[in-house]
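So the chains spell out like this:
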Amino acid sequence: MEILENLSAGFGAVLTPYHLFFIFLGQIIGISVGILPGINSSMAVATLLPLTFGLTAQASLLLLTGIYMGSMFGGSITSILLRVPGTSTAAVVCLDGYEMTCQGRAGCALGITAIGSWVAGTFSLVVLMSIGPLLSQYALSFGPPEYFALIFLGLTTITSLGSASMVKGLMSGALGLMVGTIGIDPVTGVNRFTFGQVELLNGVDFIAVLIGLFAVSQAMANLEKNPGSFCPVGSLTGLLPRWAEIKQSAFSILRGSVLGTFVGILPGAGATTAAFLSYSLEAQLAKDKKSVGKGNISCVAGPGSADNAAAGGALIPLLSLGIPGSETTAVLIGALMIHGIRPGPLLFSEHGPLVWSVIAALYIANCLGLFLATAGVKPLTLILRLPTAAMSAFILVMSFVGGYALNNSMTEVWIVLLSGVAGYFMKRLDVPPAPLILGLVLGPLAEKSFRQSLFMSDGSFSIFFERPIALVFLIAGMVSLLLPLLLARLPPGAPSTCETSFAEPEEKS
Amino acid sequence: MRGWADRIFGLAMLGVAGLWIHLALKLPFPAFAKSARVGPGHFPAGIAILLAVPSLILIARTWTPKSRGGAADPAGMPEPTGTPAGIGGRRNLLIGFGLFTAYIAASPIAGFIPASLAFILAMTRITGNIPWLKSALAALITTGLLWAIFVLWLQIPLPAGAWRP
């Protein structure tokens, strides 16, 4: 009851033209920034932070959280329409989202992402209000063994992401894991595989690889096919998802919301990890494995929801404990401190009205985001009618700028080009790119938490089996890894969830 | 044809895995980290083995009688989904990669604006046969928009060019 009273007071505080203007502005800037490759929400919030110095604490927080939430959806737009990932969190949406565009279902993909973002954002806010502080305390008990086990579970999906061939899927995943080991070893500080290049000490930026692998290779493949207009197949009908598609995606959105909120709460995990883990989950649960990576709406709805839920989830430890769950919330701490507010356990009691007005503003921002996104679907899809040559040139220039903006350096641009060449050949050889990206994103986290766990246990592997949460995740990971292999070995006619495996299917011989 | 492509791909990946294992095992293992038993080279070496095993399977499959006969795809897979490119398509592809490489190489010297204008103009004219006026407009709008957003609004400097003081 007290929660509702506080929330209504929060709504009362922000439902003024002055505050609504900042929420609207934040959403517009957030969506615009999200569209641009190479610019993520933390960069946008940090860049625009000085602009809020002259504003009140409330107005500046409304603007910055609006940017934060808006950028989550904005990143999906170019991922779905052009296969150019706007943000790292939306990168995974490229995989099935762009395939839906090619099937003439761009509007449906954008619409389901917008709806999922809204549901997930609202879900994470409800969690924030109701059991946020409790969950934060629980999340802090998550140590390296639990992190490793969770990431291991995510990595096991590699076996089911190779939709055409499990062998090639494994090779792609291992390649991604290997690229993830380039740079300074996070545990000992030893230089690994840098070949004397100073620029590689920080590792290979996965966004640069992603831009090359998806955007550049796709632009080149389209130039090669040269069908006239950029969208290769189908019309742009179905500007919003049909009721049946919403029903089909409902559980994916729910799963993405729960998973995203929880991963968002974990310090250091972030929305990108949440989106990739959600994709892994949806790929595992897909009834038709062949459709994964080929325009499966659940694989768009799940990750599209998880990143927004993680954005909301990251606010939970920030507001209740003063611990940032992501890069952007770390920048938001700076914004709070500029105005003399120290986030932590006393924030709700000391600055209750401010916190509740921010929560109310996030609700409004969520609804506004859904409206802006659905209203913008039709004009956005018109971009696909441009001639191939013009669109390819535009994508390549965007890829250049996106790569350069990552570190203001040409090294990332060359990585974009090399990844583009690799992506083109992977496409020709039917090597799926999704496992590579999954390995590249989750691999460094897995290695770091694995070795930190061994430090904790003086080198004993028993640490992974003595902690219940870690053990549950590991068992789930082993089941997820072995089940497709075992089911594929069943005789023909027996139920199978994986039609491609090490064993060649009978009908293909 | 696919058998050969897969064989070359498998061999290349096997080579990469071998190189990775070789380099990983040469990495130093600092004394302070010995208690963890897993050093900086062990994880990469393990992953490289993970790459080597499926690479060997892929190569082995290309030697099976089925694949040598050419009736079926060696990895049990359908042919690539992309439509076979004609001579025009391959020409566009090579020009596209060539122009993009030249654009990246030229940008730090010529600067973002001149390099982007030239790149977009060349791409739209050569690969799309788009009329001069439309090509010039596309180049101007795209370059101007990106410059305004990144440099003027977000204050992210793009390559200014070696000729600028």
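For the structure, check the block above.
Predicted model, so just to flag it, every value in this text is computed and none were measured.

Asks: Help me understand the overall build of chain B, please; the structure alone is not making it clear to me.
Replies: If you tally the helices and strands in chain B, you get six helices and zero strands. By the burial criterion, 36% of the 165 residues in chain B qualify as buried. Counted over contacts in chain B with a minimum sequence separation of 6, partners at least 24 positions apart contribute 55%.

Asks: Could you clarify how one ought to interpret the packing of helix H18 (residues 388-407) of chain A against helix H6 (residues 132-153) of chain B in this entry?
Replies: Their axes nearest at 11 Å, the elements H18(A) and H6(B) cross at an angle of 20°. Taken together, the axes of H18(A) and H6(B) are roughly parallel relative to one another. Crossing angle aside, the handedness with which H18(A) passes H6(B) is right-handed. Across the interface between the two elements, A:Ala390, A:Phe394, A:Val397, A:Val401 and A:Ala405 of H18(A) pack against B:Ala138, B:Thr142, B:Leu146 and B:Phe150 of H6(B). Looking at the contact of H18(A) with H6(B) residue by residue, the class counts come to eight nonpolar, one polar and no charged.

Asks: Help me out: how do you make sense of the packing of helix H11 (residues 206-225) of chain A against helix H19 (residues 410-428) of chain A in this one?
Replies: Packed helices, taken two at a time, are described by the angle between their axes plus the distance between the axes. Residues and elements named next belong to chain A. Closest axis-to-axis distance for the H11/H19 pair is 6 Å, and the angle between their directions is 55°. By the angle class used here, H11 and H19 are oblique. Every pair of crossing elements has a handedness; the one defined by H11 and H19 is right-handed. Judged by residue contacts, Ala-208, Val-209, Ile-211, Gly-212, Leu-213, Phe-214, Val-216, Ser-217, Met-220 and Ala-221 of H11 engage Glu-412, Ile-415, Val-416, Leu-417, Leu-418, Ser-419, Gly-420, Ala-422, Gly-423, Tyr-424 and Lys-427 from H19. Along the lines of polarity and charge, the residues of the contact of H11 with H19 split into 14 nonpolar, five polar and two charged.

Asks: Before we go on, may I ask you to explain the interface of chain B and chain A in this structure?
Replies: A common way to report how large an interface is uses the accessible area buried once the components associate. The interface of chain B with chain A comprises 63 residues on the first partner and 59 residues on the second. Every element with two or more residues in the side of chain B that touches chain A is listed here: helix H1 (2-25), helix H2 (42-62), helix H4 (87-110), helix H5 (112-126) and H6 of chain B. The element contributing the most residues to the side of chain B that touches chain A is H4(B), with 12 residues. Taken together, the residues that form the side of chain B that touches chain A break down as 44 nonpolar, 16 polar and three charged.

Criteria and cut-off values
Residues numbered from 1 in each chain as written. Chains lettered and ligands numbered in written order. Predicted model: local features only at pLDDT ≥ 70, side-chain atom pairs only at ≥ 80, totals over all residues. Helix = DSSP H or I, 4+ residues; strand = E, 2+ residues; numbered from the N terminus. Buried ≥ 20, exposed ≤ 12 C-beta atoms within 10 Å, placed from the backbone. Contact = placed C-beta atoms within 7 Å. Axes fitted to C-alpha atoms, helices over the stretch in contact; angles between N-to-C directions. Parallel < 35°, antiparallel > 145°, perpendicular 65-115°, else oblique. Left-handed = near helix turned anticlockwise from the far one by under 90°. Nonpolar A, V, L, I, M, F, W, Y, C, P; charged D, E, K, R; others polar.

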